[in-house]
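Letter by letter, the chains look like this.
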Amino acid sequence: MDEFAFRPTHVAPPDGLATWTAPDPARPSARLDPLLPVRLIARQGDWGQVLCSNGWTAWVDARLLVVLPQPPPAADGPPARTADPRPALAEAGAALTRHRALLEDLATGALDLESFRERTRGLRIGLVADGEELWVFDPVHDRWCYCDGLQLQTYAATDRWPAVDRQPAVDRQAATDRQAATDRQAAVGPAAAPVPDPQAQGPYAPTRTVEP
């Protein structure tokens, strides 16, 4: 028998297994080695006829055989492309555009440092591309994903939710643009803009001057 065509269905138990030349306790035969692969080819009640890779057959107590897992189903086609990486790339691109716009406003004075810190809080961007390989951070699900050009799969994840909101990237960017325009208008607007109330509670206590 071609051993490469042999497909076992069971193995002998760890302490080996007694055999018989027929389903008859009066006709014992050689003992099977521990964990020897066999193929069950016939049953008669509790008796089972097994086939070994060398073509030898024998009868055993089939109740003592250890069943092997079934082989996986055959693939009916090439691997499919799953988990398109483009939405994650779009999310990373939108977050980067938002961060760049806030940096520009900070550099031009349209945004103060405290406001910059507040608006970037919870913003996380991650993107590494090395040839066909891609690592991208997915802020929607708070996970790193890896793409080998064929499929996108989770690389690492945490059990916490990010602080950023769950709006789609386009809506979030539109809101950011509107806020940036408001900030610029406030920076160049008339001097009659509302003056902060010194008694109003803010993140920091008002600076106090001390007489010499």
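Student: Help me understand unusual backbone geometry, please; the structure alone is not making it clear to me.
Tutor: Negative phi characterises most residues that are not glycine, and trans characterises most peptide bonds. The residue leucine 35 is not glycine, and still its phi comes out positive at about 60°. With respect to the helices and strands, leucine 35 occurs in the loop between strand S1 (10-11) and strand S2 (37-44).

Student: Even after reading the chapter, I still don't get the pairing of strand S8 (residues 143-147), so can you show me in this structure?
Tutor: Remember that side chains alternate between the two faces of the sheet whenever the strand is regular. Looking at chain direction, strand S7 (residues 133-138) and S8 are connected through five bridges and run antiparallel. Residue pairing for S8: leucine 134 is matched across the bridge by cysteine 147. In textbook terms, the turn of a hairpin is the stretch between consecutive antiparallel strands, and for S7 and S8 this stretch comprises four residues, one of which, aspartate 142, has a positive phi near 55°.

Student: I'm lost on the nonpolar core in this one. Help?
Tutor: What tends to happen in soluble globular proteins is that the nonpolar side chains get buried as a cluster. Within the largest apolar cluster, nine residues are counted, these being Ala12, Leu17, Leu32, Val38, Val50, Cys52, Val60, Ala62 and Leu65. Setting aside chain neighbours within four positions, we find leucine 17 in contact with Ala12, Arg31, Leu32, Val60, Leu64 and Leu65. Counting seven residues, the second largest nonpolar core, distinct from the first, contains Ala88, Ala92, Cys145 and Leu152.

Student: I tried to follow the confidence of the model for the chain on my own but got confused; where do I start?
Tutor: Close inspection of predicted coordinates is inappropriate for parts of the model with low pLDDT. When pLDDT is averaged along the chain, the result is 76; 65% of the residues meet or exceed 70. Counting interchain partners and residues more than four positions distant, the pLDDT-below-50 stretch residues 161-170 has 15 contacts. Under a pLDDT of 50 for its full length, residues 190-212 has, in the predicted model, two contacts with residues more than four places off or in other chains.

Cut-offs applied
Residues numbered from 1 in each chain as written. Predicted model: local features only at pLDDT ≥ 70, side-chain atom pairs only at ≥ 80, totals over all residues. Heavy atoms only, no water. Helix = DSSP H or I, 4+ residues; strand = E, 2+ residues; numbered from the N terminus. Pairing = 2+ DSSP bridges. Core = buried A, V, L, I, M, F, W, Y, C linked by side-chain atoms within 4.5 Å. Buried < 20%, exposed > 50% of the residue type's maximum accessible area, 1.4 Å probe, protein only. Contact = heavy atoms within 4.5 Å. pLDDT = per-residue confidence, 0-100.

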